[in-house]
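Chain and residue survey
Single-letter residue listing:
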Amino acid sequence: MSLKASAAAITALALSSGAAGAVTFQGEFWDTGSLSGIADAEAAILSSPTALFTSSGIDYPNGDRNTFPSATTTVEQFLGVDGASLTGSNATPFETSVFRFTGQIYLSGGAQTFSVSSDDGFWLDVDGIRVAEFASNRGFRTTTVVDSSFTAGFYDFELVYWENTGSGGIEAALNGATLEPVPLPASLSLALAGFAGLGVAARRRARRRA
Ligand SMILES: [Ca+2]
Ligand SMILES: [Ca+2]
């Protein structure tokens, strides 16, 4: 295969995998005891998660519905479209539980509006900086923060949410749209490194032929 043909093949592969392989947040789930506030959630996530999943966007239950009764809804049901990705215990009701979502988001710079609606509480860190939290248990309510401290770019994202009892739900939005992960810049770097490596190999072959 010529260099031109192989580069084209790699480009096609990269484009098709980028289109077909949806980018997700990593999701972790802890089945816990009673949670009275943020300190209990912080303590819970020091242990190994009960189950892992992938999150296509932070809106559980999916769509307009805000909450499910946590005593009778399994974590798989709670996660809706993402429920099938669970590995580990997925039949557990999500009463008394903690969820963590991590990945990369893109911020366009200037004033960014983060809105997190939760039942019960949550914290949201961007680039390791606490942007918003609700440290106590509550019914489904929204915390909105406008933050202008981030320049345009990709940022590490962590949202931790917990449900104690009764009803539970979580929605997170950035500038009015459901928060969804973006492709890791690292994967772009790897792709570019791959192209660069291909070029070096081609030049070496060319020298041998000369
Ligand atoms: Ca919802
Ligand atoms: Ca609750």
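Within an unreviewed UniProt entry, the label attached to the protein reads VPLPA-CTERM protein sorting domain-containing protein, and the organism entered is Tropicimonas sediminicola.

On to the overall build of the protein. Assigned secondary structure in the protein consists of four helices and 13 strands. Burial status across the protein gives 31% buried among its 210 residues. Once local pairs closer than 6 in sequence are excluded, the contacts in the protein between residues at least 24 apart make up 74%.

The amide bond that connects Tyr60 to the next residue, Pro61, takes the cis arrangement and shows omega of -5°. Within the element layout of this structure, Pro61 appears in the loop between β3 (59-60) and β4 (68-69). Cis geometry marks the peptide bond from Asp119 to Asp120; its omega dihedral reads 20°. Position of Asp120 among the secondary structure elements: in the loop between β7 (112-119) and β8 (122-126).

Classification of Pro61 as partly exposed rests on a count of 18 C-beta atoms within 10 Å. Counting along the chain gives 18 residues from Pro61 to Leu79, while the straight-line C-alpha distance between them is 6.4 Å. Excluding residues that lie within four positions of it along the chain, Pro61 makes contacts with Phe68, Phe78, Gly80 and Gly169.

Summarising burial for β8: four of the five residues are buried, a large majority. Alignment of β8 against strand β9 (residues 129-134), held across five bridges, turns out to be antiparallel. Looking at the pairing, Val126 lines up with Ile129 of β9. Hairpin remark: β8 followed by β9, antiparallel, with two residues in the connecting loop; positive phi at Asp127, about 55°. Pairing geometry for β8 and strand β11 (residues 153-163), over five bridges, is antiparallel. In the strand pairing of β11, Leu124 is matched with Leu159.

This brings us to the sheet that holds β9. Pairing within the open sheet is antiparallel, and its seven strands lie in the order β5-β2-β1-β6-β11-β8-β9. Pairing within the sheet leaves two strands with one partner each, and these edge strands are β5 (87-88) and β9. Pairing geometry for strand β2 (residues 51-55) and β5, over two bridges, is antiparallel. Bridge pairing in β5 places Leu52 opposite Thr87.

What counts, and where the lines are drawn
Sequence order as written defines residue numbering, which begins from 1 separately in each chain. Just so you know, chain letters begin at A and ligand numbers begin at 1, following the order they were written in. Local features in this predicted model are restricted to residues of pLDDT 70 or higher, and side-chain atom pairs are both shown and tallied only at a pLDDT of 80 or more, whereas totals for entire chains, interfaces and linings draw on every residue. Counting from the N terminus, the helices are DSSP H or I runs at least four residues long and the strands are E runs at least two residues long. Note on burial: count the other C-beta atoms lying within 10 Å of the residue's C-beta; 20 or more is buried, 12 or fewer is exposed, in between is partly exposed, and C-beta positions come from the backbone. For the purpose of contact definition, each residue receives a C-beta atom placed from its backbone, and two residues are in contact when these atoms lie within 7 Å. Two strands pair under a simple rule: DSSP has to find at least two bridges between them.

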